[in-house]
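# Reading the structure
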Amino acid sequence: MNLTQNEKKDILLIVISIISVISSFILSFDYLAWIAVLLCGIPIFKECVEGMIAEFDIKADLLVTIAIVASIIIGEVFAAGEIATIMAIGGFLEEYTVSKTREKIEKLVKMTPQVTTIIKNGIEKRIPVEKVEIGDILKVLPGESIPTDGVIVNGKTSIDQATLTGESLPVDKSVGDEVYSGTINLYGSFTMKSTKSSKDSSIQKLIRLVESSSPENANIVRQADKWATMIVVIAFTAAVLTYLFTFEIIRSVTILVVFCPCALVLATPTAIMASIGNLARYGILVKDGESLEELAYVSELVFDKTGTLTYGIPKVVNVVSKNPEEMMYLLASLESRSEHPLAKAIVSYYKGNELAEIDEFEMHLGMGVSGNISGSKIIAGNKKLLNSQNIEVVEEKTNKTEIFVAKDSEYIGKVQLADTLRENSKETIRNLKRLRVKTTLLTGDNEKTAELIANEIKIRNVISNCLPEDKMEYIKNEQLLGHKVAMIGDGINDAPSLKKANVGIAMGDIGSDVSVEAANIALINDNIGDLPHLIGIARKTVRTINIAITFALIVNILAMGLAILGILNPIEGALIHNIGSVIVIVYSATLTNYKISKKDYTRAKKLGITKTINKAMT
Ligand code: ADP
Ligand code: MG
């Protein structure tokens with residue numbers, strides 16, 4: 001176990017407090033418990049005051065503080081010491097889970113090397129972003145995030161600077177304009193000269209990612225906080241009323257002691273962070289706790305095809321043209337500006353040969369690319385794209401993806417590419433079905449290819465020839481029908497749907513930076529085989545939290561009843577309540593070791609699709 005200096009200090013304080021409380025009990029010597037009150041109580045008191053001043057926030061801390069002070073006033077120093085100690089233990093366990101999770105995420109992010117393309121003496125090379133120096137000439141493709149601050153020296157594009165300015169409208173940029181590290185290149189491709197070395201910027205990005213993975217904004221956490229506030233009020237009222245009826249201050253203090261909502265406040269973030277930590281070990285990066293909760297209720301998972309279900313490393317298997325040399329020269333030159341897997345395949349097929357200069361490069365999302373080479377307009381893409389320019393082409397009945405090429409509105413040939421299904425695609429779909437999740441394939445590719453793949457992996461719901469808008473529209477309609485939809489994709493063309501979906505999941509490795517940015521969750525190793533585990537743990541997290549909260553509430557209500565009746569004294573009350581809290585926190589932390597098992601599948605089968613979703617809660 002690697003502990004930080006602060007954690008060691010906390011443990012030491014807690015151990016001293018425990019010893020002082022126990023020996024105070026054994027020796028019946030109240031003064032010893034003061035040690036625990038001071039060591040553990042003062043930090044709680046401080047946080048409570050800070051919270052109230054800074055945020056007008058009435059939370060568990062207040063009740064705990066009142067309970068401690070009240071116990072001391074009526075001379076129950078032992079009870080006060082005990083509450084303070086166990087609160088400190090709970091707080092420590094929670095913080096420990098959180099910091100371990102942060103560590104795992106940091107490791108994960110560091111393992112994901114960020115690369116960029118450098119041009120040196122006319123030769124392009126992929127290098128790690130950290131190696132970029134001032135003055136380097138870099139090439140940035142559509143969908144890539146900009147590696148360092150710099151100035152555009154060739155080409156034009158529009159850039160999404162939302163990460164920098166919060167402004168979501170893309171900004172047009174051309175030669176001479178400044179671009180900033182971490183912002184995202186949308187549709188064009190350009191070369192830039194770096195004006196900063198990238199060391200600072202990539203660390204910046206890492207910190208942002210790690211910081212953004214906090215559970216605070218999950219709905220379920222906010223709910224728990226609301227509950228907590230309510231309970232503070234109830235406990236307070238009950239304490240006052242009991243005093244007015246019985247004139248026994250000891251009963252009132254006991255009520256305050258047993259009804260501290262510690263478990264409520266600590267269980268939820270502990271559970272969410274434990275799950276996020278668990279997923280980090282699987283190479284799954286969860287950006288916010290809220291999407292983990294949403295995922296528990298997801299009833300449909302929409303897949304993109306190329307790069308997601310397939311490896312996204314297509315190979316050119318056939319070139320059809322009267323003049324294949326010329327066509328490949330034009331096509332490869334044009335595609336060297338695109339980030340698309342099909343484009344990369346064509347460029348690498350053509351490797352070693354000279355490429356032409358491109359003017360007016362344009363990307364047609366979900367359709368293809370176009371640009372000017374020595375004054376001729378070259379278009380490359382699917383049937384839809386060429387038809388839109390009034391160029392007739394004939395699609396062959398094949399499971400291969402075809403890219404048609406036209407020069408000055410004249411069809412000049414085509415290439416056929418074949419991609420391989422990911423080995424675990426079929427099994428993943430099967431397991432998702434066993435979890436009662438509806439699976440759908442949305443692709444920009446042609447019908448034939450889409451259907452062949454869908455048949456092979458047994459996805460029944462297939463929609464082909466999708467433009468990015470079509471993918472988004474489909475998700476919107478499903479949502480209107482009451483589905484919660486998760487979308488998994490890798491391309492720039494998937495980014496709008498990743499945002500639209502209730503939960504967006506991006507392929508972290510093959511995926512373009514735009515899609516990773518747009519998504520809530522990233523599969524760093526591109527392993528779609530972990531999707532069932534992801535859904536399993538999301539459901540389990542929500543269930544765990546609900547069980548924990550219910551358990552804590554029952555214990556507290558029973559204990560409060562006994563306190564009102566005068567059966568419990570503050571010491572016993574504190575003991576029952578605090579043991580309950582620790583059980584709840586330890587139980588939540590067990591999510592760290594969750595692994596999807598037969599039980600999860602049986603459960604989904606028993607409950608069926610709608611009930612799985614509704615009852616993810618029970
Ligand atoms: P998917 O949804 O399967 O990931 P896309 O939406 O990215 O596919 O692409 C859909 C279709 O558009 C491709 O099958 C291809 O025909 C065409 N296309 C997309 N990008 C390019 C490109 N850079 N060059 C040629 N054709 C392209
Ligand atoms: Mg794709």
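Residues numbered from 1 in each chain as written. Chains lettered and ligands numbered in written order. Predicted model: local features only at pLDDT ≥ 70, side-chain atom pairs only at ≥ 80, totals over all residues. Heavy atoms only, no water.

Moving on, we come to the pairing of strand S4 (residues 150-154). Taken together, the two bridges between S4 and strand S7 (residues 178-179) define a ladder with antiparallel strand orientation. Bridge pairing in S7 links Gly 150 to Val 179. With four bridges joining them, S4 and strand S9 (residues 190-194) adopt antiparallel strand pairing. When the bridges of S9 are listed, Gly 150 appears paired with Ser 194. (Pairing = 2+ DSSP bridges. Helix = DSSP H or I, 4+ residues; strand = E, 2+ residues; numbered from the N terminus.)

With that out of the way, let us pick up the site of ligand 1. Looking at ligand 1, there are 22 residues lining it, with Thr 306, Glu 335, His 340, Thr 443 and Asn 493 nearest. Note that an oxygen atom of ligand 1 is positioned 2.7 Å from one of the side-chain N or O atoms of Thr 306. Measuring from an oxygen atom of ligand 1, one finds a side-chain N or O atom of Asn 493 at 2.4 Å. A total of 560 Å² of accessible area belongs to ligand 1 in isolation, and the protein chains cover 97% of it. Among the elements of the structure, helix H11 (305-309), helix H13 (341-349), strand S14 (368-373), strand S15 (376-381) and strand S16 (401-407) are those that each provide at least two residues to the shell around ligand 1. (Near = heavy atom within 4 Å. Polar contact = N/O pair within 3.5 Å; in protein donor to acceptor, adjacent residues only side chain to side chain. Areas by Shrake-Rupley, 256 points an atom, 1.4 Å probe, with all protein chains shown as cover.)

On to the packing of helix H8 (residues 249-258) against helix H20 (residues 531-564), then. Contact pair H8 / H20: the axes reach a minimum separation of 9 Å and the direction vectors enclose 175 degrees. Taken together, the axis directions place H8 and H20 in an arrangement best described as roughly antiparallel. The residues of H20 that touch H8, namely those facing Arg 251, Thr 254, Ile 255 and Val 258, are Asn 556, Ala 559, Met 560, Ala 563 and Ile 564. Residue composition of the contact of H8 with H20, grouped by class: six nonpolar, two polar and one charged. (Axes fitted to C-alpha atoms, helices over the stretch in contact; angles between N-to-C directions. Parallel < 35°, antiparallel > 145°, perpendicular 65-115°, else oblique. Contact = heavy atoms within 4.5 Å. Nonpolar A, V, L, I, M, F, W, Y, C, P; charged D, E, K, R; others polar.)

Attention now goes to the domain arrangement of the chain. Split into domains, the chain comes out as domain 1 (1-99), domain 2 (107-212) and domain 3 (312-420). Taken together, the contact pairs eight residues of domain 2 with eight residues of domain 3. Taken over both partners, the interface formed by domain 2 and domain 3 buries close to 680 Å², and the fraction arising from carbon and sulfur atoms is 54%. The three residues of domain 2 that bury the most area against domain 3 are Pro 142, Tyr 187 and Ser 189, which together make up 55% of that side's buried surface. Linking domain 2 with domain 3 are zero salt bridges, by the criterion used here. At the boundary of domain 2 with domain 3, the tally comes to two residue pairs in polar contact (both at pLDDT 80 or more). Residues belonging to the side of domain 2 that touches domain 3 are distributed by class as follows: four nonpolar, three polar and one charged. (Domains from an automatic or database assignment. Buried area = accessible area lost by both parts, 1.4 Å probe. Salt bridge = Lys/Arg side-chain N within 4 Å of Asp/Glu carboxyl O.)

The protein atoms donating to the magnesium ion (ligand 2) are Asp 304 (OD), Thr 306 (O) and Asp 490 (OD), with metal-donor distances spanning 2.3 to 2.5 Å. Spacing between the donor residues of the magnesium ion (ligand 2) along their common chain follows D-x1-T-x183-D. Of this pair, Thr 306 sits in helix H11 while Asp 490 sits in the loop between strand S20 (485-489) and helix H18 (495-500); the two residues are 184 residues apart in sequence, bridging distant segments of the chain. Asp 490 carries the same exposure label as Thr 306, and that label is buried. (Donors = N, O, S within 2.8 Å, 3.2 Å for Na, K, Ca; no water. Buried < 20%, exposed > 50% of the residue type's maximum accessible area, 1.4 Å probe, protein only.)

A few words now on the sheet that holds S7. In space, the six strands of this open sheet follow the order S2-S1-S3-S9-S4-S7, with antiparallel pairing throughout. At either end of the open sheet lies a strand with only one pairing partner, and these are strand S2 (123-128) and S7.

A contiguous patch of negative charge, built from Glu 357, Asp 359, Glu 360 and Glu 362, is present on the exposed surface. Here Asp 359 shows up in strand S13 (residues 359-364). Note on Asp 359: relative accessible area 49%, which makes it partly exposed. (Patch = residues over 30% accessible without salt bridge, like charges linked within 9 Å, V, L, I, M, F, W, Y side chains within 5 Å. Lys, Arg positive; Asp, Glu negative; His and termini not counted. Charge placed at Lys NZ, Arg CZ, Asp CG, Glu CD.)

Before going further, it helps to examine the packing of aromatic side chains. In total, this model carries five aromatic pairs according to the counting rule given. Arranged with centres 6.3 Å apart and planes meeting at 55 degrees, the rings of Phe 404 and Tyr 411 form a pair that is tilted. A residue is classified by how much of its surface remains accessible, and Phe 404, at 1% relative accessible area, is buried. According to the relative accessible area criterion, Tyr 411 is partly exposed, its value standing at 35%. (Phe/Tyr/Trp six-rings, centres within 6.5 Å; stacked < 30°, edge-to-face > 60°.)

Direction vectors running N to C along helix H10 (residues 289-296) and H20 enclose 95 degrees, while the axes themselves pass 7 Å from each other. One way to sum up the angle between H10 and H20 is to call them roughly perpendicular. Residues Leu 292, Glu 293, Leu 295 and Ala 296 of H10 touch H20, and the partners they reach there are Leu 534, Ala 538, Arg 539, Thr 541 and Val 542. Looking at the contact of H10 with H20 residue by residue, the classes come out as six nonpolar, one polar and two charged.

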